[in-house]
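Observations on the model geometry
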Amino acid sequence: MIDRARIHVQAGRGGDGSLSFRRERHVPKGGPDGGDGGPGGDVVLVADSDLRDLSEFQRRQWFRGGRGGAGGGSGRHGAAGSEEVLRVPVGTQVLDDHGNLVADLTGAGARIVLARGGPGGRGNRRFATSVRQTPRFAETGLPGEEADFELRLKLLADAALVGLPNAGKSSLLRRISNARPKVADYPFTTIQPVLGTVDSDERQLVVADVPGLIEGASEGAGLGHEFLAHLERARVLVHVIDASEGDPADRYAQIDRELGAYGAGLAERPQIVALNKVDLLTAPPPFDIDDERVVAVFETSAATGAGIERFRRSLFELVPPEVEAEVPEGLPDFLVYRPQPDPRRAFRIFRTDRGFRVVGRVPAEKELERALREAGAKRGDEVEVAGEALEFQ
Ligand SMILES: Nc1nc2c(ncn2[C@@H]2O[C@H](COP(=O)(O)OP(=O)(O)OP(=O)(O)O)[C@@H](O)[C@H]2O)c(=O)[nH]1
Ligand SMILES: [Mg+2]
């Protein structure tokens, strides 16, 4: 299962504003009629309940929003750039370059704008004033936002089966759910998490079978660390122990150390213990620990079915119904990620062979003068403000 990906997103550039003048047969000099450029397309992430992993992103890591169309004469606006929509499984978390959590897409249909398209440039029609009747400039569109993100899928399960390899986790899941994970008598049969649904008359539980953990898992031993991450969101852990070998309490403590070393609250999670493979025993397994996290202990045999039905039914009592996260009324169901200040406020100055060129928003005179001076402009230099050539004074 591919549960991590790195992507680079770049929203579309805004279209250029148009520099145009009305042409009419009997009017020698028509007024400005250049329309605005269209906005660039956003790059958007949407949680899709049909997807299971992030394998899509192995093939492709670069995503671009469409470019906004240029404005035209007669006041025509450019078309908006097309939105680039990336579909990810429910449970995907989005982290920025610094590892900060930007979004957690826990519900189907949740949306986040990862990069916003650049605004379109204004056409010259918009710059006409009573004192400037023939503006010979228009704005260029601005680039869209661009950023890198890491996607991490963390399974959303009500309960997760955890334990040493070969304890019988997959066998138990097969017994209680619709899932059919592979079962075999060697360690690490399960190499990727499997989800199964367990039904009762009123409710459905999602139970995850997570690959076996061994000593040092929290430091990456075995299939280790990455699978511990999938336990993070389970509300209850079902600790499966092979009761036919050694002391169950020792095995319990071993896994518990790894959960504690991993952190993320795993050590505090309520636990159900399943002492499995009791068909191989002649006497009930010894397991007498006093631990308030252990909410119930069951003796099961995935081989004969003994104890399975009681275990399955108890899950519905022991895993509390999910409390719907409270969403304040009026809050939109999507987020906008803003990595940079609003590009609408930006303009840029480029050097040309004869002086300077100002691109983007047309700044106020004072602001422009200061910026040009900082850029090294001297008296007499040519300054091009999108089409109009002026002399720097
Ligand atoms: N006798 C007996 N054997 C069992 C029982 N449960 C599982 N087994 C056997 O134990 C072996 C391991 O079972 P799995 O369900 O694959 O164990 P697992 O915990 O999923 O193992 P990994 O995926 O490797 O971590 C298989 O040969 C199963 O048939 C049981 O209750 N009794
Ligand atoms: Mg397994």
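Preceding this section is the structure that the text describes.
Here is what the cut-offs are and how they apply
Numbers given for residues are sequential positions, taken from 1 along each chain in its written order. Starting at A for chains and at 1 for ligands, labels are handed out in the order in which the entities are written. Residue-level local features of this predicted model are given only where pLDDT is at least 70; pairs of side-chain atoms are given and counted only at 80 or more, and the full residue set underlies all totals for whole chains, interfaces and linings. In computing side-chain properties, one takes all heavy atoms of the structure into account and sets aside hydrogens as well as water. Sites may look incomplete, because water is not among the atoms used; the donor set itself consists of N, O and S atoms within 2.8 Å of the metal (3.2 Å for Na, K and Ca). Helix numbering and strand numbering both begin at the N terminus, where a helix is a DSSP run of H or I of at least 4 residues and a strand a DSSP run of E of at least 2. Here's how the labels work: a residue is buried when its accessible area is under 20% of the maximum for its type, exposed when over 50%, partly exposed in between, all with a 1.4 Å probe on protein chains only. Residues grouped as a nonpolar core are buried Ala, Val, Leu, Ile, Met, Phe, Trp, Tyr and Cys residues, joined through side-chain atoms within 4.5 Å. Contacts were defined at the residue level, with two residues in contact if any of their heavy atoms lie within 4.5 Å. DSSP-based pairing: two strands are paired if at least 2 bridges between them are found. Every axis corresponds to a line fitted to the C-alpha atoms, with the helix fit spanning only the stretch in contact, and the corresponding angles, defined between N-to-C directions, vary from 0 to 180 degrees. Here, proximity means that at least one heavy atom of the residue falls within 4 Å of the molecule or strand. Polar contact is defined as a pair of N or O atoms within 3.5 Å, subject to the rule that within protein one atom must be able to donate a hydrogen and the other to accept it, and that residues adjacent in sequence are counted only when both atoms are side-chain atoms. Methods summary: accessible areas were calculated by the Shrake-Rupley approach with a probe of 1.4 Å, and residue burial reflects only the protein chains presented. In this analysis, rings of Phe, Tyr and Trp, with Trp reduced to its six-membered ring, are considered paired at centre separations within 6.5 Å, and the interplanar angle assigns stacked below 30 degrees, edge-to-face beyond 60, and tilted for intermediate values.

For the magnesium ion (ligand 2), the full set of protein donor atoms is S170 (OG) and T190 (OG1), and the range of their distances to it is 2.0 to 2.1 Å. Here S170 is found in helix α2 (residues 169-176), whereas its partner T190 is found in the loop between α2 and β10 (194-199), with 20 residues between them in sequence. Note on accessibility: S170 and T190 belong to one class, buried.

Turning our attention to the nonpolar core. Residues I7, L45, F57 and L151 are the most contacted members of the largest nonpolar core, which totals 24 residues. Where this core is concerned, the elements lending two or more residues are β1 (4-10), β2 (43-48), β4 (84-89), β6 (101-105), β7 (111-115) and β8 (146-153). With four residues, β8 is the single largest residue contributor to this core. Excluding its chain neighbours within four sequence positions, the residues that come into contact with L45 are L86, V88, V94, L105, A110, R111, I112, L114 and L151. Judged by nonpolar contacts, the second largest core, of 23 residues, contains I176, V198, V207 and V319.

Next up on the list: the pairing of strand β13 (residues 271-276). Burial within β13 is extensive, with six of its six residues counted as buried. A two-sided burial pattern is seen for β13, the buried positions comprising Q271, V273 and L275 on one face and I272, A274 and N276 on the other. In this sheet, β13 lies alongside strand β12 (residues 236-242) in parallel orientation, the contact comprising six bridges. Counted as the bridge partner of H239 is V273 from β13. Here β13 runs beside strand β14 (residues 294-299); their pairing, made up of five bridges, is parallel. Opposite V273, over in β14, you have V297 as the bridge partner.

In this section: the sheet that holds β14. Pairing in this open sheet of six strands is mixed, and the strands run β10-β11-β9-β12-β13-β14 from one edge to the other. Whereas interior strands pair on both sides, the edge strands pair on one side only; in this sheet they are β10 and β14. Pairwise comparison of adjacent strand axes, ignoring direction, gives a mean angle of 25° for this sheet. Strand contacts of helix α4 (residues 248-262): β9 (159-162), β12, β13 and β14, with the helix running at about 140° to β12, the strand carrying the most contacts. Each of β10, β11 (204-209), β12, β13 and β14 touches helix α5 (residues 308-318); the most contacted strand, β14, lies at about 170° to it.

Near ligand 1 you find 23 residues, and of these K169, S171, F188, D279 and A302 are the closest. The separation between an oxygen atom of ligand 1 and a polar main-chain atom of A167 is 3.1 Å. Measuring from a nitrogen atom of ligand 1, one finds a side-chain N or O atom of N276 at 3.1 Å. Considered on its own, ligand 1 offers 640 Å² of accessible surface; in the complex 88% of this is hidden by protein.

Note that an α-helix has 3.6 residues per turn; residues three or four places apart therefore point the same way. Judged by how many residues are buried, α2 sits mostly within the fold: six of eight residues are covered. Residues of α2 that are buried include every one of K169, S170, S171, L172, L173 and I176, and no others. Buried-residue contacts for α2 involve β9, β10, β11, β12, β13 and α5.

Moving on, we come to the packing of aromatic side chains. Counted according to the given criterion, the structure contains four aromatic pairs. For the pair F57 and F63, a centre-to-centre distance of 5.8 Å together with 70° between the ring planes defines the contact as edge-to-face. By relative accessible area, which is 6% here, F63 ends up buried. Consider the rings of Y252 and F287, whose centres lie 5.9 Å apart with planes at 70°: the pair is edge-to-face. Placement of the pair is Y252 in helix α4 and F287 in the loop between β13 and β14, with a sequence separation of 35 residues. Look at F287 and you get buried, because its relative accessible area is 15%.

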